[in-house]
Number of protein chains: 2
Amino acid sequence: MRKVVIYDTTLRDGAQTRGISYSVHDKVLIAKKLDGLGIDFIEGGWPGSNPKDLEFFKQIRKVRFKKAKLVAFGSTHRKHKSAGQDPILKTLATCGLKFVTIFGKSWDLHVKDVLKVSLDENIKMISDTIKYLKSKKLTVFYDAEHFFDGYRHNPSYALRTLVTAQDSGAAVIVLCDTNGGMLTSQITKIINEVKPHLKAELGIHVHNDSGMAIANSLAAVEAGCSHFQGTINGYGERCGNADLCAVMACLKLKLGINCISEAKLKDLVEVSRYVSEVSNMKQQDNQPFVGSSAFSHKAGIHINAMVKNPKTYEHINPESVGNKRRFLASELSGKTSILFKARELSYDLGKDDKNTKKLHKLIQRLEHEGYQFEAAEASFELLIKRALKKYKKFFVLEGFRVEVEKRQDNQLISEATIKLRVNKIKEHTASEGDGPVNALDNALRKALHDFYPELGEMHLSDFKVRVLDSKAGTAAKVRVFIESQDEKSSWWTVGVSENIIEASWQALVDSIEYKLLKEREKR
Amino acid sequence: MRKVVIYDTTLRDGAQTRGISYSVHDKVLIAKKLDGLGIDFIEGGWPGSNPKDLEFFKQIRKVRFKKAKLVAFGSTHRKHKSAGQDPILKTLATCGLKFVTIFGKSWDLHVKDVLKVSLDENIKMISDTIKYLKSKKLTVFYDAEHFFDGYRHNPSYALRTLVTAQDSGAAVIVLCDTNGGMLTSQITKIINEVKPHLKAELGIHVHNDSGMAIANSLAAVEAGCSHFQGTINGYGERCGNADLCAVMACLKLKLGINCISEAKLKDLVEVSRYVSEVSNMKQQDNQPFVGSSAFSHKAGIHINAMVKNPKTYEHINPESVGNKRRFLASELSGKTSILFKARELSYDLGKDDKNTKKLHKLIQRLEHEGYQFEAAEASFELLIKRALKKYKKFFVLEGFRVEVEKRQDNQLISEATIKLRVNKIKEHTASEGDGPVNALDNALRKALHDFYPELGEMHLSDFKVRVLDSKAGTAAKVRVFIESQDEKSSWWTVGVSENIIEASWQALVDSIEYKLLKEREKR
């Protein structure tokens, strides 16, 4: 079985996406997730170009990867210097990694207009840089930037840069469509022309400016490339890079190429969503393979056919990539997950029980309103328990008020007052905070403290806000996720409202009730 | 010069998008816009399948198109009946149109499992349907549904359905990849195989389930198809159809094929945005050719090269499709983008000016605090103008107070009061809203309305919240982005604070000041 090596550049090229700004911590989280998916190489950044990337490489050394190898990125050395004099190349050689990717110029226009050196000097820069890094025992991948554009303008020079990189010891020659302007037919034709002149392994790295990055990557593999570079969800500068999710799924399912195991392929949807969350980019509903609409059927005529045979309007089985089929107009989905969860909680529900139907309707209504329980299992558990009347409330809210005041001296004050009852005992208290939600959180904990001291063991560990139907501007609905944790575990809860205070309140209350219930059940 | 006919199915296939629900009025607006762009054929809907489409065809007859021809959609006649007995075909024959598209089955699996008729009866249904419509003086386009899947499973039968349609009088045989599962190489190979067997004009209609719809459409044209079906922005069921914007741009600019005039091509961005507005779908920032990030440069090394020669990182001139180049302000890009932006605003700043250094430091500090200007260009402009003291404030805030109250009956009230001065005139007012930010937004507009009636022209069109350092729980910093728009343009602003009300306030104020400044500069 043919093999293609998967090389992820989400943390370097993907970070060029407008709107993405990774912290070092974000990058560590994503790198771990990519390793979990079974990616071969992870390009972590360009140490020396900015301090954040250097800090990332320092921190990531503490992480033990299962499979992935970490790669640093850099360019050929500065002009009119030697490779050994280049401080960034020195950093690459000494940062403790075994793999490095170097990009160099293949397009004469770039050599003349950007580098402003002679064509021969560029050849020498490529050669010296690779030889220097090889002498430091590094494996060098060579990114031939703008190769396809260069080849179309000056084929013999572009090819000469590749042969130079190969003869200087590069392990892989990666052909780049940096500007994303190539048609698929051009990719195929050019690779067929250059392949006979090279012995080295060939790679492909393309951008999506013509909307063909996925197709062009596949065509390159069909033409003989055995190393593929892309990013999760196709993140990248301008129109992005090739979407690694779609390319891996196509390689595996359509070309039968070994690049990911069947079991790992089922994690694709989860990895795509996770990276989109960390990147704070909404996952595209219609993203091929992994989007929430990728297997959503709306036309009645399609749904009728799908019931007869799912192959009629699906190019692959959605489960093979961890996605699921959705019939948008129908009420067929969802019951299975309710029964599954109820069984986990040791409630024996049948498919046609009155309670199952009631719960199913309730969940459908809530999801329609914007709730999402996939990422908030604690709220989902509470929902089931409430519907089955398996617990009584720990407190009754009589009301709260949250106030934010800004004075002329720019001072900000956030204060919350809360009135509630535990059994028959009233509590009325107030607290300030760093913002309205924090003030409300503080006031609620203060009010409950004497009744439930165990709440002192838990704290909120994450807080996310997503604006739904964002076209409604400041009147839009928001969904709030809150993660809470104590010594033993962590749990997510959700709230939805046009009012961010109310949405946060719902998620706060769930997080507290979940904790109290957990403690009761232990006894 | 070779010609390709452009056939738009936004109003029929595009309407299958999850989240799109066109009114008759929406459809009329879009049809007019498509005609303005110079589209050859507009598929308006499936009269007979639903009353809305029939109503559309009634209303659209009052509109005089410059160039476009309207097409109705339908299927082969019902089984065990004759074409003349089929009520939907009768509707097609009598609704006053001259063009009709009929889809029929090419895949034996569909004939057996969905239609549940014999292979021969399906052939007869295709033939009878086309002959019946031809007898009514209609031009018939034949959509060979699932042709590529069918051909891969049973090539001789799939080909037989095409020959039948051709011999029955279809003007164009449209090859469909209905499930969107084909690789580009398969499209090319299959068209090359079937072309010698057909005399009729060939068309292409593909879906995007593998992310290759644009590439596959182009490959089909290169293999000989001269009729292309797609939708604006690639709308359509599941992962959508081929994006007509990208395909037209590629045909014109990359293959030199006559399908749209140079002048009309410049309307592409505007048409894409208009249709996304009417469809209530956010236009994708990274959409090839027409997205707002399609020519946005973020990496410092790219920006430096672009200043030397714009061909270095652009596959086409953005103006040719009505788009524009953007240099994003980010920690990755540095001083160059400040100078570029200042020049756009007609301020002449040198690289080593005192003001440039001051601005650079200010931006670095703000980005460190969590501001992000690459996606908030309006705030970036205001920042430069403020730093260069190029405008005076439009109002002075004396204070605001925002209150959210929840009562025992679960009723929620959000109210904001605001006190400000315009010149020396004080204004003190209050407003309710759907949440605290909406209440504040309403109160601010109310307070400013008499002084700046032009604010009535703008509205907020998008609202995003991102929690930074989310591990701080409810005390975390939040970053708010607001998009505003008026008739002419749209602009993004940003605010950051631990307090979501304050962060929203900053972005709100910027959005309003940007609008007022824009109006002053016009004068």
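As the structure is a prediction and not an experimental result, all values here were calculated from the model.

All right, on to the overall build of chain A then. Along the backbone of chain A there are 18 helices and 16 strands. Principal-axis analysis of the C-alpha atoms places the extent of chain A at approximately 85 × 65 × 45 Å. Counting across all 523 residues of chain A, residues that qualify as buried make up 62%. Partitioning the contacts of chain A with sequence separation of at least 6, the portion at a separation of at least 24 is 67%. Split by element, the accessible area of chain A, about 20,800 Å² in all, is 49% carbon and sulfur. Within chain A, one finds 81 positive and 65 negative side-chain charges whose respective centroids are separated by 3 Å.

It is worth spelling out the sheet that holds strand 16 (residues 490-497) of chain A at this point. Residues and elements named next belong to chain A. The strand order across the open sheet formed by three strands is 14-15-16, and the pairing between neighbours is antiparallel. On the outer flanks of this sheet lie strand 14 (459-467) and strand 16, each paired with one strand and no other. On average, each strand axis in the sheet is tilted by 20° relative to the strand beside it, whichever way the strands run. Of the pairings in the sheet, the one linking strand 15 (residues 478-485) to strand 16 comprises eight bridges and is antiparallel in character. Bridge pairing in strand 16 links Gln485 to Ser490.

Glancing now at the sheet that holds strand 4 (residues 99-105) of chain B. Residue and element names in this part refer to chain B. With parallel pairing, the eight strands of this closed barrel are ordered in space as 1-2-3-4-5-6-7-8. Along the sheet, successive strands turn relative to each other by an average axial angle of 25°, direction set aside. Where strand 5 (residues 139-145) lies against strand 6 (residues 172-177), four bridges are found, and the strand directions are parallel. Opposite Asp143, over in strand 6, you have Val174 as the bridge partner. Contacts from helix 2 (residues 51-60) reach strand 2 (41-45) and strand 3 (69-75), with the element oriented near 160° to strand 3.

If you look at the interface, chain A gives 112 residues, while chain B gives 115 residues. Buried area between chain A and chain B, both sides added, is near 9,300 Å², and the carbon and sulfur share of it is 53%. For the interface between chain A and chain B, the tally reads six salt bridges. The salt bridge involving Glu502 of chain A is made with Lys406 of chain B; its shortest N-O contact spans 2.8 Å. Across the contact surface, chain A and chain B share 44 residue pairs in polar contact (both at pLDDT 80 or more). By residue number, the principal contributor to the side of chain A that touches chain B is strand 11 (residues 396-407) of chain A, which donates twelve residues. Split into classes, the residues belonging to the side of chain A that touches chain B amount to 41 nonpolar, 40 polar and 31 charged.

Before going further, it helps to spend a moment on the side chain of Ser276 of chain A. All names here are of chain A. Along the chain, Ser276 falls in helix 12 (residues 268-278). Here Arg273 takes part through its backbone oxygen, which lies 2.9 Å from a polar atom of the side chain of Ser276. Residues contacting Ser276, with those up to four places away along its chain left out, are Asn233, Tyr235, Met281 and Gln283.

Okay, the confidence of the model for chain A next. Residues and elements named next belong to chain A. Averaged over all residues, the pLDDT of chain A equals 91, while 96% of them reach at least 70. The low-confidence segment residues 329-333 (pLDDT under 50) makes seven contacts with residues lying over four places distant or belonging to another chain. This complex was scored by the predictor with a pTM of 0.78 and an ipTM of 0.79.

Take the nonpolar core next. Within the largest apolar cluster, 189 residues are counted, with the highest numbers of intra-cluster contacts made by Leu133 and Phe147 of chain A together with Leu133 and Phe147 of chain B. Of all hydrophobic cores here, the second largest spans 86 residues; its members include Phe394, Phe463, Ala503 and Leu508 of chain B.

Let's shift gears to helix 10 (residues 244-254) of chain B. All names here are of chain B. Along helix 10, ten of the eleven residues are buried, which leaves the element largely enclosed by surrounding structure. Tucked into the core, helix 10 has its buried residues touching strand 1 (5-8), helix 9 (213-222), strand 8 (227-230), helix 11 (262-265) and helix 12 (268-278). Within two residues after helix 10, Gly256 carries a phi angle of roughly 60°, on the positive side.

Attention shifts here to the packing of aromatic side chains. When we look at a pair of aromatic rings, we describe it by the centre distance and by the angle of the planes. For the structure on display, the rule yields 32 aromatic pairs over all chains. With centroids separated by 5.9 Å and ring planes inclined at 90°, the aromatic side chains of Trp46 of chain A and Phe103 of chain A adopt a geometry described as edge-to-face. Of this pair, Trp46 of chain A sits in the loop between strand 2 (41-45) and helix 2 (51-60) while Phe103 of chain A sits in strand 4 (residues 99-105); the two residues are 57 residues apart in sequence, bridging distant segments of the chain. What makes Phe103 of chain A buried here is its relative accessible area of 9%. For the ring pair Phe56 of chain B and Phe57 of chain B, a centre distance of 5.4 Å and an interplane angle of 70° mean the geometry is edge-to-face. An aromatic cluster of three or more residues is present, and its members are Tyr7, Phe41, Phe99 and Phe141 of chain A. One cation-aromatic arrangement involves Lys27 of chain B over Phe56 of chain B; the distance from NZ or CZ to the ring centre is 5.3 Å. The positively charged end of Lys33 of chain B is found above the aromatic ring belonging to Tyr274 of chain B, 4.4 Å away from the centroid.

What follows is about the pairing of strand 12 (residues 412-422) of chain A. Residues and elements named next belong to chain A. Here strand 11 pairs with strand 12 via ten bridges, running antiparallel. Bridging from a neighbouring strand, Val404 pairs with Ser414 of strand 12. Bridge count for strand 12 against strand 13 (residues 425-433) is nine bridges, and the pairing is antiparallel. Along strand 13, the bridge assignment pairs Val422 with Ile425. Hairpin connection, strand 12 to strand 13: the antiparallel pair is bridged by two residues, and Asn423 has positive phi, about 55°.

What follows covers the pattern of salt bridges. Tallied over the entire structure, the rule returns 58 salt bridges over all chains. In this structure, the salt-bridge partner of Arg386 of chain A is Glu513 of chain A, at a minimum N-O distance of 3.3 Å. A residue pair is termed long-range when its members are at least 10 positions apart, and Arg386 of chain A in helix 16 (residues 377-387) and Glu513 of chain A in helix 18 (residues 500-522) qualify at 127 residues. What makes Glu513 of chain A buried here is its relative accessible area of 4%. Ionic pairing is found between Lys33 of chain B and Glu270 of chain B, a salt bridge with its closest N-O pair at 2.8 Å. Placement of the pair is Lys33 of chain B in helix 1 (residues 24-37) and Glu270 of chain B in helix 12, with a sequence separation of 237 residues.

For the rest of this paragraph, the subject is the packing of helix 5 (residues 119-135) of chain A against helix 7 (residues 155-167) of chain A. In a pair of packed helices, the angle between the axes and the distance between the axes together describe the arrangement. Residues and elements named next belong to chain A. Running from N to C, helix 5 and helix 7 point in directions that differ by 20°, and their axes come no closer than 9 Å. As judged from the angle between their axes, helix 5 and helix 7 are roughly parallel. Both helix 5 and helix 7 take part in a crossing whose hand is right-handed. Taking contact as the criterion, the partners of Leu119, Asp120, Asn122, Ile123, Ile126, Ser127 and Ile130 in helix 5 are, on helix 7, Tyr157, Arg160, Thr161, Thr164 and Ala165. Residues of the contact of helix 5 with helix 7, tallied by class, amount to six nonpolar, four polar and two charged.

Positive phi, close to 70°, is recorded for Lys137 of chain A, a residue that is not glycine. Here Lys137 of chain A shows up in the loop between helix 5 and strand 5 (139-145). The backbone phi angle of Asn233 of chain B is positive, close to 60°, even though this residue is not glycine. Of note, Asn233 of chain B is situated in the loop between strand 8 and helix 10. Look at Asn233 of chain B and you get buried, because its relative accessible area is 12%.

Let's shift gears to helix 2 of chain B. Residue and element names in this part refer to chain B. Turning to helix 2, its buried residues are Asp53, Phe56, Phe57 and Ile60. Buried residues along helix 2 cover an arc of 95° about the axis, so they all sit on one side. Facing away from the buried surface of helix 2 by more than 90 degrees, the exposed residues are Pro51 and Lys58. Buried positions along helix 2 lie against helix 1, strand 2 and strand 3.

Turning next to the layout of surface pockets. Residue and element names in this part refer to chain B. Reported here for the second largest pocket is a volume of approximately 1,400 Å³. Mapped by element, the contributors of at least two residues to the lining of the second largest pocket are helix 12, strand 10 (326-327), helix 14 (335-344), helix 16 (377-387), strand 15 (478-485), strand 16 (490-497) and helix 18 (500-522). Here the element with the most residues in the lining of the second largest pocket is helix 12; it accounts for seven residues. When the residues that make up the lining of the second largest pocket are grouped by side-chain class, the tally is 15 nonpolar, nine polar and 22 charged.

All names here are of chain A. Within the element layout of this structure, Asp177 appears in strand 6 (residues 172-177). For the buried Asp177, no salt bridge is present, and the opposite-charge side chain at shortest range is Arg238, 7.3 Å distant. Side-chain polar atoms of Asp177 contact the backbone nitrogen of Gly181, separated by 3.2 Å. Non-local contacts of Asp177, meaning those with residues more than four positions away in its chain, are made with Phe148, Asp149, Met182, His205, Val206 and His207.

Reading the values: rules and limits
Residues numbered from 1 in each chain as written. Chains lettered and ligands numbered in written order. Predicted model: local features only at pLDDT ≥ 70, side-chain atom pairs only at ≥ 80, totals over all residues. Heavy atoms only, no water. Helix = DSSP H or I, 4+ residues; strand = E, 2+ residues; numbered from the N terminus. Buried < 20%, exposed > 50% of the residue type's maximum accessible area, 1.4 Å probe, protein only. Contact = heavy atoms within 4.5 Å. Areas by Shrake-Rupley, 256 points an atom, 1.4 Å probe, with all protein chains shown as cover. Lys, Arg positive; Asp, Glu negative; His and termini not counted. Charge placed at Lys NZ, Arg CZ, Asp CG, Glu CD. Pairing = 2+ DSSP bridges. Axes fitted to C-alpha atoms, helices over the stretch in contact; angles between N-to-C directions. Buried area = accessible area lost by both parts, 1.4 Å probe. Salt bridge = Lys/Arg side-chain N within 4 Å of Asp/Glu carboxyl O. Polar contact = N/O pair within 3.5 Å; in protein donor to acceptor, adjacent residues only side chain to side chain. Nonpolar A, V, L, I, M, F, W, Y, C, P; charged D, E, K, R; others polar. pLDDT = per-residue confidence, 0-100. Core = buried A, V, L, I, M, F, W, Y, C linked by side-chain atoms within 4.5 Å. Phe/Tyr/Trp six-rings, centres within 6.5 Å; stacked < 30°, edge-to-face > 60°. Lys NZ or Arg CZ within 6 Å of the ring centre and 35° of its normal. Parallel < 35°, antiparallel > 145°, perpendicular 65-115°, else oblique. Left-handed = near helix turned anticlockwise from the far one by under 90°. Arc of directions from axis to C-beta. 1 Å grid on protein atoms, 1.4 Å probe; cavity = no way out; pocket = protein on both sides within 12 Å on 5 of 7 lines; lining within 4 Å. Points joined across faces, edges and corners; volume = space filled by probe spheres on them.

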